[in-house]
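Report on the structure
Each chain is listed here by its residues.
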Amino acid sequence: MDYSAKITKSKSTPELEYDRASELKAFDETKAGVKGLVDAGIKQVPRMFHQPRDDYSVSCGTQYNIPIIDLEGVKQNRTTRKEIVENVRNASKTWGFFQVLNHGIPMNVMEEMKDGAHRFFEQDVETKSWFFSRDYTKRVVYNSNFDLYSAPAAKWRDTVVCSMAPDPPKPEELPAVFRDIMVEYSKQLMNLGYLLFELLSEALGLNPDYLRDIDCAKGLVMLSHYYPVCPQPELTLGSSKHADNGFLTVLLQDNVGGLQVLHQNQWIDVPPTPGALVINIGDLLQLISNDKFTSVDHRVLTNSASPRVSVASFFTTALLPDSRLYGPIKELLSENNPPKYRETTVKAYITFFNSKGLSGASPLPCFKLSEPGHGDRKQLQDHHK
Ligand SMILES: O=C(O)CCC(=O)C(=O)O
Ligand SMILES: [Fe+2]
């Protein structure tokens with residue numbers, strides 16, 4: 001189907017004749033993603049990608065900087081480690097986001113990982129579409145917008161998702177253009193994950209192995225994102241406002257920029273910082289920490305100058321058959337700190353999250369134990385009917 005022709009037609013079609021469902025389907029069936037639209041020379045952002053304007057009502061601020069934590073000496077020096085743990089505690093509570101330096105993953109591995117992501121998306125559509133699917137039980141899934149059919153507006157990005165742990169893929173299961181670097185990067189990332197969960201456990205006053213022992217570091221799902229250049233960046237977003245639903249995310253971004261974090265009710269840029277990785281707390285870590293850590297909304301702006309790649313690695317057991325129940329950690333609770341959330345399996349949480357799409361509303365409040373006047377439990381019960 002000539003997708004561009006269809007879009008051009010819809011532009012001049014009266015309001016009532018806009019058939020969103022068939023546009024989504026036509027776009028999806030190209031298997032070429034947003035990059036395919038840009039490669040075809042599209043000059044206007046199709047309506048299905050137009051973001052609701054209220055997403056833009058919050059101003060962007062420049063007076064705050066997201067924390068940068070240097071991990072140099074964390075394993076060798078007790079005083080240094082204490083300071084690092086303190087910084088991790090503060091950043092995880094007040095920002096939910098921080099960058100880390102001297103994290104142990106060599107620069108050349110990070111560079112090669114970003115290059116590998118570029119190589120994947122720059123392949124011709126026929127080669128890429130071998131992995132095109134919406135079935136997340138597959139080891140590798142490439143598509144555009146996991147929530148294409150449920151979100152209020154589509155995002156200007158394409159993604160390839162690979163499940164890397166606990167059961168590492170055989171190299172031949174991964175896309176040839178970046179399989180070696182994916183295996184190498186994810187190995188290094190698991191080691192960093194173990195260290196971060198130790199620091200986070202210590203920041204909660206728990207024994208260093210606590211979070212790893214309850215399987216927070218068990219599953220690793222890697223999302224390589226490609227954000228094509230956008231002819232009208234003011235109309236759409238690379239990622240709409242959302243909070244991550246796993247335990248922890250480690251983000252490798254290139255030098256293009258566009259990621260913003262909602263802090264003190266302002267959008268704050270997460271500036272590309274050479275050698276740094278961005279770490280953010282996910283909803284499930286907020287839940288088990290009983291709000292000692294915060295899972296914070298973020299989004300990605302598009303731009304008309306250069307494509308952007310990022311690799312978001314989620315520590316989550318979302319894709320595993322895991323029935324473990326997660327609730328506020330008992331050791332953290334007291335009379336003065338009663339549990340704020342009900343227990344949930346990771347699966348139930350993710351299913352609820354996905355049913356909402358990246359619509360900007362975190363499902364976390366729906367798992368809060370009832371407070372007077374709180375209607376969300378009813379919403380959750382209704383959902384499970
Ligand atoms: O690309 C980015 O900078 C952010 C990606 C992201 O937020 C996500 O994958 O959840
Ligand atoms: Fe995210």
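Further up the page is the structure itself.
These remarks concern the structure in this document.

Criteria and cut-off values
Residues numbered from 1 in each chain as written. Chains lettered and ligands numbered in written order. Predicted model: local features only at pLDDT ≥ 70, side-chain atom pairs only at ≥ 80, totals over all residues. Heavy atoms only, no water. Buried < 20%, exposed > 50% of the residue type's maximum accessible area, 1.4 Å probe, protein only. Helix = DSSP H or I, 4+ residues; strand = E, 2+ residues; numbered from the N terminus. Pairing = 2+ DSSP bridges. Salt bridge = Lys/Arg side-chain N within 4 Å of Asp/Glu carboxyl O.

Section: the pairing of strand β6 (residues 220-227)
Along any regular strand the residues' side chains alternate between the sheet's two faces. A large share of β6 lies buried, amounting to eight of its eight residues. A two-sided burial pattern is seen for β6, the buried positions comprising Leu220, Met222, Ser224 and Tyr226 on one face and Val221, Leu223, His225 and Tyr227 on the other. As paired strands, strand β5 (residues 158-165) and β6 are joined by seven bridges and run antiparallel to one another. Counted as the bridge partner of Asp158 is Tyr226 from β6. Of the pairings in the sheet, the one linking β6 to strand β13 (residues 308-315) comprises eight bridges and is antiparallel in character. Residue pairing across strands places Tyr227 opposite Arg308, the latter belonging to β13.

Observations regarding the pattern of salt bridges
Two side chains of opposite charge can pair, provided their charged atoms sit close to one another. Tallying each qualifying case throughout the model produces 15 salt bridges. Ionic pairing is found between Arg81 and Glu202, a salt bridge with its closest N-O pair at 2.6 Å. Taken together, the residues span a long stretch of sequence, with Arg81 in helix α4 (residues 78-94) and Glu202 in helix α7 (residues 179-203) at a distance of 121 residues. Judged by its relative accessible area of 16%, Arg81 is buried. Two residues, Arg139 and Asp167, come together in a salt bridge whose shortest N-O distance is 3.4 Å. Here Arg139 is found in the loop between α6 (125-128) and β4 (140-143), whereas its partner Asp167 is found in the loop between β5 and α7, with 28 residues between them in sequence. Ionic contacts of the salt-bridge type, sharing partners, join the residues Arg81, Glu198 and Glu202 into one network.

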